[in-house]
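One letter stands for each residue in the lines below.
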Amino acid sequence: MSESSRGVRLGVDVGQVRVGVARSDPHGILATPLVTLARDLTAGPDAVPSDLAQLAQLVTEHEAVEVVVGLPVNLAGRHGPAAQHVSAYAGRLAEVIAPVPVTLTDERMSTVVASRRLAERGVRGKRQRAVVDQAAAVEILQSWLEAQRRRTE
C-alpha cells in the first residue's frame, strides 16, 4: 500500500438484524473483529439510525480513513434485493461519515466462510450467532486488504 493510503479501515457486514464491524491495523495488513451493532429499524426517515451513529463514532474513535462495506452479490453475480438494501445502507453511512469514503466490495461468501471457520474452532450455536457478523466483517475487510496489496505489488 502506498504511504497515502495508510490508516485504519473499518469493514462492515450489514445484516437485517445486526451489523458486524472489523478494523484493520494502520498498515492494512490484518483485519480483526471489533463489535456487533444491533440494527436500528425504528428511526424515522429523517433521523439517523443508532447503528449508523455508532458506526460514525467508531470511524472517529479509530480515526478510520475508509469504510469497506460488503455487498452481497448473488452467485450469478447479480445484485438482488439484499444488495440493494446494503447499497442504500452504505449511501446513508457515506452521508453520515463524510468526507470519509465508503467503498462497496463483493462479499459473496463471507458469512458462509466465517461460519465455517468458527465451527472449525468449535464455536457453534448461540455463541456463533453472537460473533459471526464480526467474523464476516473480518472476512470482508481481509479479502479487500489483500486485493489492494496485490494491486500495488
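Look a little higher up for the structure.
Worth saying up front: this structure is predicted, and the values here are computed from it rather than measured. (Residues numbered from 1 in each chain as written. Predicted model: local features only at pLDDT ≥ 70, side-chain atom pairs only at ≥ 80, totals over all residues. Heavy atoms only, no water.)

K.L.:
Quick question: what am I supposed to make of the pattern of salt bridges here?
P.N.:
Opposite charge on two side chains makes pairing possible when the charged atoms of those side chains draw close. Here the structure, examined in full by the defined rule, presents four salt bridges. Between Asp51 and Arg39 there is a salt bridge, and its shortest N-O distance comes to 3.3 Å. Of the two residues, Asp51 is situated in helix α1 (residues 50-61) and Arg39 in the loop between β3 (31-38) and α1; the sequence distance between them amounts to twelve residues. For the pair formed by Asp51 and Arg39, the shared burial category is buried. When the shortest N-O distance is used, the salt bridge between Glu139 and Arg117 registers 2.8 Å. One end of the pair, Glu139, is in helix α4 (residues 125-152); the other, Arg117, is in helix α3 (residues 110-120), with 22 residues separating them in the sequence. What makes Glu139 buried here is its relative accessible area of 16%. When its relative accessible area of 42% is taken as the criterion, Arg117 is described as partly exposed. (Salt bridge = Lys/Arg side-chain N within 4 Å of Asp/Glu carboxyl O. Helix = DSSP H or I, 4+ residues; strand = E, 2+ residues; numbered from the N terminus. Buried < 20%, exposed > 50% of the residue type's maximum accessible area, 1.4 Å probe, protein only.)

K.L.:
In this structure, what is going on with α4? I would like to understand it.
P.N.:
Since the α-helix advances by 3.6 residues per turn, residues separated by three or four positions end up pointing in the same direction. The terminal C-alpha atoms of α4, which comprises 28 residues, lie 40 Å apart, in line with the 40 Å expected from a rise of 1.5 Å per residue. Along its length, α4 reaches its greatest deviation from straightness, about 45 degrees, at Val131. (Expected span 1.5 Å × (residues − 1). Bend = angle between axes of the 7 residues up to and from the residue.)

K.L.:
Could you clarify how one ought to interpret the environment of His85 in this entry?
P.N.:
Its location among the elements puts His85 in helix α2 (residues 81-97). Accessibility expressed as a relative area gives 27% for His85, which makes it partly exposed. With 66 residues separating them in the primary sequence, His85 and Arg151 have C-alpha atoms 29 Å apart. With near-sequence residues (within four places) excluded, His85 lies in contact with Gln16 and Arg39. (Contact = heavy atoms within 4.5 Å.)

K.L.:
When you look at the layout of surface pockets in this model, what are you seeing that I'm missing?
P.N.:
The rolling of a water-molecule-sized probe over the atoms marks out the regions of remaining empty space. Its boundaries defined by the atoms lining it, the largest pocket holds a volume of some 170 Å³. Lining the largest pocket, in full, are Pro33, Ala114, Arg117, Leu118, Arg121, Val131, Gln134, Ala135, Val138 and Glu139. For the lining of the largest pocket, the secondary structure elements donating two or more residues are α3 and α4. Ranked by residue count, the leading element in the lining of the largest pocket is α4, at five residues. Of the residues belonging to the lining of the largest pocket, the class tally is six nonpolar, one polar and three charged. (1 Å grid on protein atoms, 1.4 Å probe; cavity = no way out; pocket = protein on both sides within 12 Å on 5 of 7 lines; lining within 4 Å. Points joined across faces, edges and corners; volume = space filled by probe spheres on them. Nonpolar A, V, L, I, M, F, W, Y, C, P; charged D, E, K, R; others polar.)

K.L.:
How should the pairing of β3 be read in this particular structure?
P.N.:
In the case of a regular strand, side chains alternate between the two sheet surfaces. Where strand β2 (residues 18-24) meets β3, seven bridges bridge the pair, whose relative direction is antiparallel. Across the sheet, residue Arg23 finds its bridge partner in β3, namely Thr32. In this structure, the hairpin formed by β2 and β3 is closed by a connection of six residues, where Gly28 is found at a positive phi of approximately 70 degrees. (Pairing = 2+ DSSP bridges.)

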